[in-house]
Structures are given as C-alpha cells and as structure tokens.
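Geometric and topological summary
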Amino acid sequence: FPSHDTCGRDGSVKKNVVNLYQPTISILFLIPILILSFNLHRIETDTFLAKAYADPANPANKPIVSNYADKVVSNPIADPYYKLLVSLYMVDMGEVETSHKVVSSLHKKDPRNLDYIRWLIEYEKSKKNLDNELEYRELIVRLDPWNAINYFEMGLIYKQSYRDWE
C-alpha cells in the first residue's frame, strides 16, 4: 500500500522528481566566491602576520616579514593599502630599498594618493635629495592646495637649498 506522501487525491501514485537546476546554479556561483574569499582572507592574514613579526629589535624575523610582504605585494587582488602597510613593515626591518620599489610602483598606478607621496617624501628626505623631495611636495600642492604644513616644509627646503620662489 503506497504511503500518503506519494499518493495523489485520486489515489494514483506520484513520481518524485528532483530538480537539480537550482542547486547547480548555486554551486556555480558559490565556487568563485569561495576562491575569492579565501584569497582575500590569505592577504589579510599575511598582512597581520607581517605586522606581528615586524620587530626591529629582532633581526631574525627579517626573512619572515619579507616572505609575508612578498606574498601580499605579489598578489594581484591585494588592496593597495595592504601593500603600503607591508612596505612600512619592511622599512621597520631595514629593507628600505625594497619598500621604495613597492611604494614607487603603487605611486605609478595611483599618482594622486597622498599616502604614497608622503612616503616618497620621507624616503627622499632620508637620502638628502632635496630636488626630488621638492618635486613631490609640489605635487602635493597641486593635489592638496590647503596643506599648510606642506608649504612650511617647502619653505624650509627652499631656505636650505637657496632657491628663489618663481
């Protein structure tokens, strides 16, 4: 005797039909989302671990920080801000030139980002290259004309290099 679930009102037996269309479409959308989410999580984890190991007092961590930083920088979907952060951690570990290459490439992709420009100014200041520092400060003048601190710093550079305002 058939169960109540498979009987129609007239007593005929119904066939249970399984529709796989909706689960198949869901899985096809879910797989790329999972892959993307996993990669984004890996980037954030690597950035956090680079920060955790970036201790200038412990030079043995330099290869570890460099490894995590390289993973973040080489990942094409990594947020540029994470790339900037790991480049700052590389500076903490003494890899200033490597960090400069990373920030320079970020600046080429986004020349209006003031964080990159400020980092490049600090780099040029550390190298005592007043001409390049002044170029970056003039770029800030075009991008942020109300930045009084930048004008003050430019005045100090002009005073130091005996340049005239033109």
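Okay, so let's go over this structure. Predicted model, so just to flag it, every value in this text is computed and none were measured. (Residues numbered from 1 in each chain as written. Predicted model: local features only at pLDDT ≥ 70, side-chain atom pairs only at ≥ 80, totals over all residues. Heavy atoms only, no water.)

1. Quick notes on the pattern of salt bridges
According to the stated counting rule, one finds five salt bridges in the structure shown. A salt bridge links lysine 127 to glutamate 97, with the nearest nitrogen and oxygen atoms 3.2 Å apart. Residue lysine 127 is located in the loop between helix H5 (114-126) and helix H6 (130-143), and its partner glutamate 97 is located in helix H4 (residues 96-109); the two are separated by 30 residues in the primary sequence. Two residues, glutamate 153 and lysine 125, come together in a salt bridge whose shortest N-O distance is 3.9 Å. (Salt bridge = Lys/Arg side-chain N within 4 Å of Asp/Glu carboxyl O. Helix = DSSP H or I, 4+ residues; strand = E, 2+ residues; numbered from the N terminus.)

2. A word on the side chain of histidine 100
Counting through the fold element by element, histidine 100 comes out in helix H4. Relative accessible area serves as the criterion here: at 18%, histidine 100 is assigned to the buried category. (Buried < 20%, exposed > 50% of the residue type's maximum accessible area, 1.4 Å probe, protein only.)

3. What to know about the packing of H4 against H5
For the pair H4 and H5, interaxial distance at closest approach is 10 Å and the crossing angle is 145°. Pair H4 / H5 crosses with left-handed handedness. The segment H4 lies against H5, with Val96, Glu97, Ser99, His100, Val103, Ser104, Leu106 and His107 engaging Tyr116, Ile117, Trp119, Leu120, Tyr123 and Glu124. In the contact of H4 with H5, the residues fall into eight nonpolar, four polar and two charged. (Axes fitted to C-alpha atoms, helices over the stretch in contact; angles between N-to-C directions. Left-handed = near helix turned anticlockwise from the far one by under 90°. Contact = heavy atoms within 4.5 Å. Nonpolar A, V, L, I, M, F, W, Y, C, P; charged D, E, K, R; others polar.)

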